[in-house]
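One-letter residues, chain by chain:
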Amino acid sequence: MSLATLLLGAINISSSHAADPKPDAVVKTKSIEARLFLDDRIKADAALAADCLREGKKWLDRNAAEAAAARKADPQFFRDGAWDFERKYEIRSVVADRYVSILRNDYMNTRGAHPNSDVNTILWDKADTKRISIRPFFTETADNGATMKAMAQAIVASLRAEKKKRDASETATDEWFKAVAPSLLKIGAVTLAPSTESGKSSGLTFHYPPYAVGPYAEGEYVAFVPWETLKPYLSAEGTRIFGGARPKGDAE
């Protein structure tokens, strides 16, 4: 092998490592290696970054404590290595230059049969610098009320269509969809979907991790509810921020 080839290989390896993002927080012990990442747009907003970091570091510390306790109780389960955990915060959309939807994705490998993953969401109000729910966008959001029932029905219809695309219709059953309850706290992790109309949201996307609405092998699901479906239930603020259509790339 020539010196030039060796040098080229070294450059490529160096470039690859240089491209790896640096974690924003890390916990590394004999029992666990856990990392936390914030995307650049989150880090550009000091209040939002601080909020995500505060939550994320608590997650790191809690899992480090659990890993240490597990290692002490059953050290044989760590023969293949320490637990491997990772959390990523990524902005999904910014609507009306105020409402920021964030996806929070977790990866967890405790050296079991397979790694696990989870997804949750955050809705951040830039004007008030705090987390909020989708409640302000609707005239009412009572459990089992008209809004939540319509939302749940639309979610299930979207999930059925997605399962059909994946040739997974055999799991498109009420048993798997029972987690989609007509309650703001139980219906699923929600984000404001981007829109073809600038500054608007085309509707709501609901994010479900493996096992939530289907077997592990089916992976995550995302259900989309267009704003027109929810139009009868929108508040003045909801009417202001919703509009347009879901971009083709977002659906894919």
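Residues numbered from 1 in each chain as written. Predicted model: local features only at pLDDT ≥ 70, side-chain atom pairs only at ≥ 80, totals over all residues. Heavy atoms only, no water.

Asks: Can you help me understand the overall build of the protein in this one?
Replies: On a plain count of helices and strands, the protein comes out with 8 helices and 9 strands. The principal-axis extents of the C-alpha atoms in the protein amount to approximately 65 × 40 × 40 Å. Within the span of the protein, comprising 252 residues, buried residues form 42% of the whole. Looking at the protein, you have 36 positive and 34 negative side-chain charges, and the mean spots of the two groups are 2 Å apart. (Helix = DSSP H or I, 4+ residues; strand = E, 2+ residues; numbered from the N terminus. Buried < 20%, exposed > 50% of the residue type's maximum accessible area, 1.4 Å probe, protein only. Lys, Arg positive; Asp, Glu negative; His and termini not counted. Charge placed at Lys NZ, Arg CZ, Asp CG, Glu CD.)

Asks: Help me out: how do you make sense of the sheet that holds strand β8 (residues 203-208) in this one?
Replies: To summarise the sheet geometry, strands pair through backbone hydrogen bonds and adopt either a parallel or an antiparallel arrangement. Reading across the sheet, the 3 strands line up as β7-β8-β9 and stay open at both edges, with antiparallel pairing between neighbours. In this open sheet, the two strands that pair with only one neighbour each are β7 (189-193) and β9 (221-226). If you compare each strand with its neighbour and ignore which way they point, the axes differ by 25° on average. In terms of strand pairing, β7 meets β8 through 5 bridges, oriented antiparallel. Across the sheet, the residue bridging to A193 is G203, located in β8. Those strands touched by helix α4 (residues 146-165) are β8 and β9, and its axis lies near 130° from that of β9. (Pairing = 2+ DSSP bridges. Axes fitted to C-alpha atoms, helices over the stretch in contact; angles between N-to-C directions. Contact = heavy atoms within 4.5 Å.)

Asks: Can you help me understand the sheet that holds strand β3 (residues 83-95) in this one?
Replies: If you trace the 6 strands from one edge of the open sheet to the other, you get β1-β2-β3-β4-β5-β6, paired in mixed fashion. Two strands lie at the open edges of the sheet, namely β1 (25-28) and β6 (130-132), each paired on one side alone. Direction aside, the axes of adjacent strands within the sheet are offset by 25° on average. Sheet topology note: the strand β2 (residues 32-38)/β3 ladder contains 7 bridges and is parallel. Within β3, the residue paired with L36 across the bridge is R87. Here helix α3 (residues 46-73) sits on the sheet in contact with β1, β2, β3, β4 (99-109), β5 (116-125) and β6, set at roughly 160° to β3.

Asks: How should I be thinking about the environment of P115 in this particular structure?
Replies: Relative to the helices and strands, P115 is located in the loop between β4 and β5. Here P115 falls in the partly exposed class, since its relative accessible area comes to 29%. Each C-alpha atom of the pair P115 and S183 lies 30 Å from the other, and the pair is 68 residues apart in sequence. The residues contacting P115, other than those within four sequence positions of it, are Y107, M108, N109 and Y216.

Asks: How should unusual backbone geometry be read in this particular structure?
Replies: The bulk of non-glycine residues show a negative phi, and the bulk of peptide bonds are trans. Here the phi dihedral of R111 falls at roughly 65°; this positive angle occurs in a residue that is not glycine. Looking at the element boundaries, R111 is found in the loop between β4 and β5. Overall, R111 belongs to the partly exposed group, its relative accessible area being 33%. Even without being glycine, Y211 reaches a positive phi, approximately 85°. In this structure, Y211 sits in the loop between β8 and β9. By relative accessible area, which is 47% here, Y211 ends up partly exposed.

Asks: Honestly, the side chain of D106 in this entry has me stumped. Any pointers?
Replies: Mapped onto the elements of the fold, D106 is located in strand β4. For D106, a relative accessible area of 7% corresponds to the buried category. Residue contacts for D106: discarding those within four places in its chain leaves W59, E86, R87, N116, S117 and D118.

Asks: For this particular structure, what's the right way to read the pairing of β3?
Replies: The two faces of a sheet get side chains in turn, since along a regular strand they alternate between them. With respect to burial, β3 is a largely interior element, 10 of its 13 residues being buried. Inspection of the sheet shows β3 paired to β4 by 11 bridges, in the antiparallel sense. Each residue of the ladder has a partner; that of V94, found in β4, is V100. Hairpin connection, β3 to β4: the antiparallel pair is bridged by 3 residues, and A96 has positive phi, about 55°.

Asks: Which parts of the structure should I look at to understand the pattern of salt bridges?
Replies: Opposite charge on two side chains lets them pair, provided their charged atoms get close. Inspection of the entire model under this criterion finds 23 salt bridges. Measuring nitrogen to oxygen at the nearest pair gives 2.6 Å for the salt bridge that ties R92 to D250. Remark: D250 occurs in helix α8 (residues 248-251) and R92 occurs in strand β3; sequence separation between them is 158 residues. Judged by relative accessible area, R92 falls into the buried class, the value being 18%. Linked by salt bridges that have partners in common, D51, R54, E55, R87, R104, D106 and R131 make up one network. (Salt bridge = Lys/Arg side-chain N within 4 Å of Asp/Glu carboxyl O.)

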